[in-house]
Amino acid sequence: MLEEKESRNKNSMIKNLTMKAGDLIYRRRYLLAVLVLVMCFVLELSGSSVAMWADELHVPKEDAGDILGYSRQVRSDEWNVSTPFALSQYQSGFSYFSDIVRGDETDMYIVYGQPVSYYTVLFRPFHWGYLFLSPAKGLSFYWCSRFIVLLLVSFELGMCLFNRKKLLSLSYAVMMAAAPVVQWWFAINGLVEMLIYGQLAVVVAVLYMKDTKYLHRIAYGALLSVLATAYVLLFYPAWQVPFVYAFLFLLIGVVVRDYKKGTFTKKDWGVLGISVGLFAAELLPILWKSKDTIKAVLNTAYPGSRTETGGGMLRVMFNSLTCLWLPFEELAGNETVNECFFFSLFPLGIILAVYLLIKTKRERMSVRTGGKTGRKTDPVLVSLLLGIAFLGSYGIFGWPKVLSKVTLMSFSQSGREVIAFTWLNLLILMYAISRMEKVKPARFLLFSAAFSVGIVYVQNYIRDEYFTAQRVYIALILVFAMCASILLQANRKNTWLFFLLCTGVSATAGMTVNPVHRGLTIIYENDLYKEIERIVDDESKDALWMVCNTNYSMGNFPIMAGARTINSTNVYPNLERWQSIDNDGENDEIYNRYAHIWAQTVSSDFDGDTFELVYADLFQLNITPEMMRELDVKYVLSGTQLESLSTDEITFENIYWWNGFYIYRLDY
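Predicted, not measured: the structure shown is a model, and the values here were computed from it. (Residues numbered from 1 in each chain as written. Predicted model: local features only at pLDDT ≥ 70, side-chain atom pairs only at ≥ 80, totals over all residues. Heavy atoms only, no water.)

A few points about the overall build of the chain
If you tally the helices and strands in the chain, you get 26 helices and 13 strands. What you see for the chain is a C-alpha radius of gyration of 28 Å, in line with the 26 Å of a compact globule of 668 residues. Its C-alpha atoms give the chain principal-axis dimensions of roughly 105 × 65 × 45 Å. When burial is assessed residue by residue, the chain has 54% of its 668 residues classed as buried. (Helix = DSSP H or I, 4+ residues; strand = E, 2+ residues; numbered from the N terminus. Rg over C-alpha atoms; globule rule 2.2 N^0.38 Å. Buried < 20%, exposed > 50% of the residue type's maximum accessible area, 1.4 Å probe, protein only.)

Set out below in structure tokens:
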């Protein structure tokens, strides 16, 4: 008896200490977030796959900076485009229009948004680190601040939605910040920022409705205008449009739920007017400054002005379980990043939401006397279901072209739209869990078993070549365990199990995607980089460069040293340049696009095609010495020797060699 009592006392003490520690972390969460962020950028930690440059430069990867995990070739949009562009801004003085990328004036803010020394950077807070820190620390700030803020904002939204249940809110935050789709797309196209700005806007709207002081409401309205501006400036409508609808359906549900808790008068129309005015004042000057860039992008052959109608996405909506193994066994080509979504266990959230609505209706009907009424239908559940139906119909069946254009969904391919759909499914799952109580164990366990078998069967049917017998068993156990943990949480038996399972899934499917990387020595301590930087500084900052006869990805290497490289990734085309070597303009469809440019030198008597389309975002440029002169190329970084291309009028002078790379100065 004495031992049993001591054991109970010990368990009680541990529980009390855990609760006190958790409460302390909760109250000091913002301070802890700042401390963690400072520690991360002091140590120069990031999730960048920049170590992939070791493969491009033919040097050992062991010293490239990866501490845990490994860099991935498939994340080339990050390590080969976004990160080199950001580092090139250190060389341009963070110009809004830089002449380093593309070797010509290039808008660095609106497309593939990069840090700029201009007031517009106020709407890109995660770029601030670049402006005040060294490149490695700036990259670390960019990566770590976005992860930390997404975690915090998701937690705050959870607290607003889930009856302030901290552990469930934390579960949601972890499932958001470490979601497979978030981690695979972490550094590009603004997905993380969309989730931050959209969720924060809903949180601010909730605060607005609860606060009766109009000075505070004006401040909230101003913050909403800033969030809206920042959201629009992400400039990736394929995700922005469907997520706007997802956030809108959530906001409608929250407003209907909380409307009566607030006080609304004519003054609120004034606050709305101020917010809209600020939004216009913030956004319109930026759009005007970048109007030529926007026009050029919309008039390209790729991506151009899309006219999508959706459809065909029912299969991938069930991909929650496939995401578990993608970090360890990637699919062929780019299929991996196109088949990862939020881990929502679709359609579990929909089933639980419908169950709650039916249960609420029955409770209301059972009330008979005393003037009592049952619980009212939950407007958030209804609104989220309507949002899922809205996005689901587009993704599964497709819409008529007119409806797609009117709603602007024509900008979004169904493969991109489905990401917003799976987020709503994750959200409604968490929301339904927060509303569940007094579930009958026998029935729910039977349902859990049936659902587990059903969803695993569907996943196995869709990806039979990917789901081994071992993976099928693991998936069955996991899904059943998560369903059982929902039962325990609903009956308040164990609230930790669901959180631990969410954390385990996130750690497996999300946090193993990107490496823990330190520093940028692979770039700044490289001999080839140092030589290019020396040539730029000592000989000519204005000279044009070209990269030839090597992997097309090397086209973005010289820009990090400040070399004006004409075949660095053209995020929008320089039509005048390419038309100068394509007099009849017959190849306009090939080079009028977002493009990586794979340059191959050919002799003066070459009679083949100058431009060859390889992929939607890659074309090959077969270039003669005469064309180089026409383009005013002064330096060439080549993977082969070029002396044989010299003529009486054009001389290729080798001025440097390193590890299979040659730098030539062209004399005309």
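After that view, the rundown keeps rolling.
Considering the pattern of salt bridges
Side-chain pairs of opposite charge can arise whenever the charged atoms involved come near each other. By the definition in use, this model includes 24 salt bridges. In this structure, Arg 72 and Glu 330 form a salt bridge, with 2.7 Å as the shortest nitrogen-oxygen distance. Of this pair, Arg 72 sits in the loop between strand E2 (66-68) and helix H4 (76-92) while Glu 330 sits in the loop between helix H13 (291-298) and helix H14 (335-338), and the two are 258 residues apart along the sequence. Residue Arg 72 is classed as buried on the basis of its relative accessible area of 1%. Owing to a relative accessible area of 32%, Glu 330 belongs among the partly exposed residues under this scheme. One salt bridge connects Lys 541 with Asp 537, and the closest N-O pair in it is separated by 3.0 Å. With a relative accessible area of 42%, Asp 537 lands in the partly exposed category. One network of salt bridges, with partners in common, ties together Glu 531, Arg 534, Asp 538, Glu 539, Glu 653 and Arg 665. (Salt bridge = Lys/Arg side-chain N within 4 Å of Asp/Glu carboxyl O.)

A look at the pairing of strand E6 (residues 544-548)
Counting buried residues in E6 gives five out of five residues, a clear majority hidden from the surface. The two faces of E6 match: Leu 544, Met 546 and Cys 548 on one face and Trp 545 and Val 547 on the other face are all buried. Relative to strand E7 (residues 564-565), E6 runs parallel, the two being bridged by two bridges. Each bridged residue has a counterpart across the sheet, and for Leu 544 the counterpart in E7 is Arg 564. (Pairing = 2+ DSSP bridges.)

Some thoughts on H13
Given 3.6 residues per turn, any residue in an α-helix points the same way as the ones three and four places further on. Thr 293, Ile 294 and Val 297 are the residues of H13 that are buried. For H13, the buried positions fall inside an angular range of 95° around the axis, keeping them on one side. Turned more than 90 degrees off the buried face of H13, the exposed positions are Asp 292 and Lys 295. On its buried face, H13 sits against strand E3 (97-98), strand E4 (106-107) and helix H12 (267-289). (Arc of directions from axis to C-beta. Contact = heavy atoms within 4.5 Å.)

Focus: the sheet that holds E2
An order of E1-E5-E2 is seen for the three strands of this open sheet, with the pairing classed as antiparallel. Taken across any chain shown, the strands that pair with only one partner, and hence form the sheet edges, are strand E1 (45-46) and E2.

Thoughts on empty space enclosed by the protein
Under the criterion given, the structure shown has two cavities of 30 Å³ or more. Within this model, the largest cavity holds a volume of roughly 50 Å³. Lining the largest cavity are Gly 47, Ser 49, Arg 75, Glu 78, Trp 143, Gln 183, Trp 184, Phe 186, Ala 187, Ile 188 and Asn 514. Taken together, the residues of the lining of the largest cavity sort by class into five nonpolar, four polar and two charged. A volume near 40 Å³ is recorded for the second largest cavity. The leading source of residues in the lining of the second largest cavity is helix H21 (residues 496-509), at three residues. (1 Å grid on protein atoms, 1.4 Å probe; cavity = no way out; pocket = protein on both sides within 12 Å on 5 of 7 lines; lining within 4 Å. Points joined across faces, edges and corners; volume = space filled by probe spheres on them. Nonpolar A, V, L, I, M, F, W, Y, C, P; charged D, E, K, R; others polar.)

Notes on the nonpolar core
Core analysis: the biggest nonpolar cluster contains 179 residues, and Phe 243, Phe 342, Trp 423 and Leu 528 have the highest contact counts within it. The biggest single contributor to this core is helix H18 (residues 414-435), with 14 residues. By size, the runner-up hydrophobic cluster in this structure holds 27 residues, among which are Ile 590, Tyr 591, Ile 597 and Val 636. (Core = buried A, V, L, I, M, F, W, Y, C linked by side-chain atoms within 4.5 Å.)

Remarks on a nonpolar patch on the surface
Among the surface-exposed residues, Val 34, Val 36, Val 38, Met 39, Val 42 and Leu 43 lie close enough to one another that they form a single nonpolar patch of about 460 Å² accessible area. Within the secondary structure, Val 34 sits in helix H2 (residues 29-42). (Patch = residues over 30% accessible without salt bridge, like charges linked within 9 Å, V, L, I, M, F, W, Y side chains within 5 Å. Areas by Shrake-Rupley, 256 points an atom, 1.4 Å probe, with all protein chains shown as cover.)

Considerations on unusual backbone geometry
Tyr 302 connects to Pro 303 through a cis peptide bond whose omega is 0°. Inspection of the secondary structure assignment puts Pro 303 in the loop between H13 and H14. Residue Pro 347 is bonded to the preceding Phe 346 through a cis peptide linkage, with omega at 10°. Even without glycine at this site, Arg 102 takes up a positive phi of about 70°. Tracing the backbone shows Arg 102 in the loop between E3 and E4. Judged by its relative accessible area of 3%, Arg 102 is buried. You will see that Leu 408, though not glycine, has its phi angle at about 70°, which is positive. Here Leu 408 shows up in the loop between helix H17 (401-406) and H18.

Quick look at the pairing of strand E12 (residues 651-658)
Bridging between E12 and strand E13 (residues 661-667) involves seven bridges; their strand directions are antiparallel. Note that in E13 the partner of Asn 654 across the bridge is Tyr 664. Hairpin remark: E12 followed by E13, antiparallel, with two residues in the connecting loop; positive phi at Asn 659, about 50°.

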